[in-house]
Amino acid sequence: MQAKKYMNPYVGGALLGLVLVFAFWVSGRGLGASGAAKSVIISGVKTVAPSHVENTAYYSNYMESHPKPLKSWLVFEMLGVLVGGFISGAIGGRLKFKVEKGPNVTSKIRIIFAVIGGIFFGFGSQLGRGCTSGSALTGMSVLSVGGFVTMAGIFGTAFALAYFARKLWL
Amino acid sequence: MGPLIVNEIISENANMLMAFIIGIGFGFVLESNGFSSSRRLAGMFYGYDGTVLKVFFTAAIVGALGLLFLSLFGQIDLNFIYINPTYLYSALGGGVIMGVGFILGGYCPGTSFCAAAIGKLDAMVFIGGIFIGIFVFTEGFPLWEEFFYAKNLGAPLMSDVLGTSRGVFTLLLILVALGMFWVSEWAEKRFARADYKLNQKEIKF
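Procedures and definitions
Residues numbered from 1 in each chain as written. Chains lettered and ligands numbered in written order. Predicted model: local features only at pLDDT ≥ 70, side-chain atom pairs only at ≥ 80, totals over all residues. Helix = DSSP H or I, 4+ residues; strand = E, 2+ residues; numbered from the N terminus. Buried ≥ 20, exposed ≤ 12 C-beta atoms within 10 Å, placed from the backbone. Contact = placed C-beta atoms within 7 Å. Nonpolar A, V, L, I, M, F, W, Y, C, P; charged D, E, K, R; others polar. Domains from an automatic or database assignment. Expected span 1.5 Å × (residues − 1). pLDDT = per-residue confidence, 0-100. Axes fitted to C-alpha atoms, helices over the stretch in contact; angles between N-to-C directions. Parallel < 35°, antiparallel > 145°, perpendicular 65-115°, else oblique. Left-handed = near helix turned anticlockwise from the far one by under 90°.

S.K.: How would you sum up the overall build of chain A? Please name residues and give values.
M.R.: Assigned secondary structure in chain A consists of nine helices and zero strands. Secondary structure elements in chain A, listed N-terminal to C-terminal, are α-α-α-α-α-α-α-α-α. With respect to the three principal axes, the spread of C-alpha positions in chain A is 50 × 40 × 35 Å. Counting all 170 residues of chain A, 57% fall into the buried class. Long-range contacts, defined here as pairs at least 24 residues apart, represent 58% of the contacts in chain A between residues at least 6 apart.

S.K.: Give a detailed account of the overall build of chain B, specifying residues and quantitative values.
M.R.: When helices and strands are counted, chain B shows nine helices and zero strands. Referenced to the eigenvectors of the C-alpha coordinate spread, the extents of chain B come out at roughly 50 × 50 × 35 Å. When the 205 residues of chain B are sorted by exposure, 49% land in the buried category. For chain B, the proportion of contacts with a sequence separation of at least 24, taken over those separated by at least 6, is 67%.

S.K.: Please give an account of the interface of chain A and chain B that cites residues and values.
M.R.: Contacts between the two partners involve 109 residues from chain A, matched on the other side by 115 residues from chain B. For the side of chain A that touches chain B, the secondary-structure elements that each account for two or more residues are α1 (9–27), α2 (34–48), α4 (57–65), α5 (73–92), α6 (107–127), α7 (132–141) and α8 (145–161) of chain A. Considering each element in turn, the side of chain A that touches chain B owes the most residues, 18 residues, to α1 of chain A. Residues belonging to the side of chain A that touches chain B are distributed by class as follows: 64 nonpolar, 33 polar and twelve charged.

S.K.: Pulling in residues and values, what's your account of the domain arrangement of chain A?
M.R.: All names here are of chain A. When cut into domains, chain A gives domain 1 (1–96) and domain 2 (98–170). Look at where the C-alpha atoms of domain 1 and domain 2 centre, and you get two points 17 Å apart. Opposite the ten residues of domain 1 that make contact, domain 2 presents twelve residues. The biggest single contributor to the side of domain 1 that touches domain 2 is α2, with four residues. Here the residues of the side of domain 1 that touches domain 2 are counted per class, giving four nonpolar, four polar and two charged.

S.K.: How would you sum up helix α6 (residues 121–139) of chain B? Please name residues and give values.
M.R.: The end-to-end C-alpha distance of α6 of chain B is 27 Å, a good match for the 27 Å that 19 residues give at a rise of 1.5 Å each. Along α6 of chain B, the residues that are buried comprise Asp122, Ala123, Met124, Val125, Phe126, Ile127, Gly129, Ile130, Gly133, Ile134, Phe135 and Phe137 of chain B. Where α6 of chain B is buried, its residues touch α2 and α6 of chain A together with α2 (38–46), α4 (88–105), α5 (109–117) and α7 (141–149) of chain B.

S.K.: Go over unusual backbone geometry, please, and point to the residues and values.
M.R.: Positioned with a positive phi, Arg129 of chain A is a non-glycine residue whose angle comes to about 60 degrees. Unusually for a residue other than glycine, Lys151 of chain B sits at a positive phi of about 55 degrees. With respect to the helices and strands, the residue Lys151 of chain B is situated in the loop between α7 and α8 (158–161). C-beta crowding within 10 Å serves as the criterion here: with 12 such atoms nearby, Lys151 of chain B is assigned to the exposed category.

S.K.: Hey, could you go over the confidence of the model for chain B for me, with residue numbers and the actual values?
M.R.: Residue and element names in this part refer to chain B. Residues at a pLDDT of 70 or more form 99% of chain B, whose mean pLDDT is 93. Confidence, expressed as mean pLDDT per element, reaches its minimum in chain B at α8 with 93 and its maximum at α6 with 97. What the predictor reports for the complex is a pTM of 0.94 with an ipTM of 0.95.

S.K.: Residues and numbers for the packing of α1 of chain A against helix α1 (residues 12–32) of chain B, please.
M.R.: Between α1 of chain A and α1 of chain B, the least distance of the axes is 9 Å, while the angle of their chain directions is 170 degrees. Relative to α1 of chain B, the element α1 of chain A lies roughly antiparallel. Each of Gly12, Leu15, Leu16, Val19, Phe22, Ala23, Val26 and Ser27 of chain A in α1 of chain A lies in contact with α1 of chain B, whose residues at this interface are Asn15, Met18, Ala19, Ile22, Gly25, Phe26, Val29 and Ser32 of chain B. Class assignment of the residues belonging to the contact of α1 of chain A with α1 of chain B gives a composition of eleven nonpolar, five polar and no charged.

S.K.: Describe the packing of α1 of chain A against helix α3 (residues 51–72) of chain B, and please don't skip the residues or the numbers.
M.R.: Two packed helices can be described by the angle between their axes and the distance between those axes. One can describe the packing of α1 of chain A onto α3 of chain B by two numbers: an axis separation of 7 Å at closest approach and a directional angle of 40 degrees. Classified by the angle between their axes, α1 of chain A and α3 of chain B sit oblique to one another. By crossing handedness, the relation of α1 of chain A to α3 of chain B is classed as right-handed. Residues Pro9, Tyr10, Gly12, Gly13, Ala14, Leu16, Gly17, Leu18, Leu20, Val21, Phe24 and Trp25 of chain A of α1 of chain A touch α3 of chain B, and the partners they reach there are Thr51, Lys54, Val55, Phe57, Thr58, Ala59, Val62, Gly63, Gly66, Leu67 and Leu70 of chain B. Considered class by class, the residues forming the contact of α1 of chain A with α3 of chain B number 15 nonpolar, seven polar and one charged.

S.K.: For α4 of chain B, give the residues involved together with the corresponding values.
M.R.: All names here are of chain B. In this model, α4 (18 residues) spans 25 Å end to end at C-alpha, consistent with the 26 Å of a helix rising 1.5 Å per residue. Extensive coverage of α4 is indicated by the burial of 16 of its 18 residues. Taken from the residues just after α4, Gly106 is the one with a positive phi, measuring 80 degrees.

S.K.: With reference to specific residues and values, describe the confidence of the model for chain A.
M.R.: Caution applies to low-pLDDT regions: their predicted coordinates should not be interpreted in detail. The predicted model of chain A has a mean per-residue pLDDT of 93, with 99% of residues at 70 or higher. Across chain A, α6 of chain A holds the top mean pLDDT of 97, while α7 of chain A sits lowest at 90.

Next comes the structure, spelled out in structure tokens:
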């Protein structure tokens, strides 16, 4: 099946903005992503090594403020993202197992760099208290200084390094 | 009347259900715009595909304007909207590290989940990387604790820092966004590639 055309980006951006405003109106908070992954990690560590969680300040503080880490707004929202993405992909004829990569790189290299990129992003999202969704997009729409700083950090760095990473993408 | 959860119009469990529904909308819009494609996302940094900037800035200004209008018509109390606190060093440091992750990995966390949902294997391993990165952060927390809490500015708004109103700053943001749109449209023509097609609907005027 031929993949259908994507939405127009300005229409898509406006829709994304409306989803964001709806989240503010209902829940008093914006969108996010990395926080859900953190909930999964912390409940995973708690299941595997409960005493480690009790004896480590970072985990025990988190458990005190979030007694049930998986029953969190972001976890439910991210489950929705998986469903919504799947529905859109199904309608657009884009459901397919594949490695997406630049034309001049092998799948193996692409996979290795995807893991490395994920590690950086996961670490940075904790240091920056949120990722592109929670800190940059949501932060910018509430005019938070931190949102603008993080946004500038993410996009500025990626632009600055683009030349060195060109073999991956061009 | 909004936010509904803060004003106890809906229950905690209903809020979780709404989170799931909002997530469906979020994921659907991301995927429909091709945010499930790492080449499209990375295209922003080489100019051949400006979709991310267009979608991101349109969403940010619609979000900012939407909040102002809802507040103007008494539908939302902006005092109850969560504002991310600003710790200057970690906000910048975290952003820089995420930027490295973006250009190497081709996704950010939200887009990687969306791409994994349609079967992208590179997105699935990226998510594995996210988990590793978070685990390293939580396990090694004492090492970067000081940096994490340094330069706490509270939760300031750009409009406060610049000594202007939310409305005026939002107008400024709109002007910056228009500039970004113009640059993206120009770059897509200037850096167009023979091996890459912008497969999206056009707006005809």
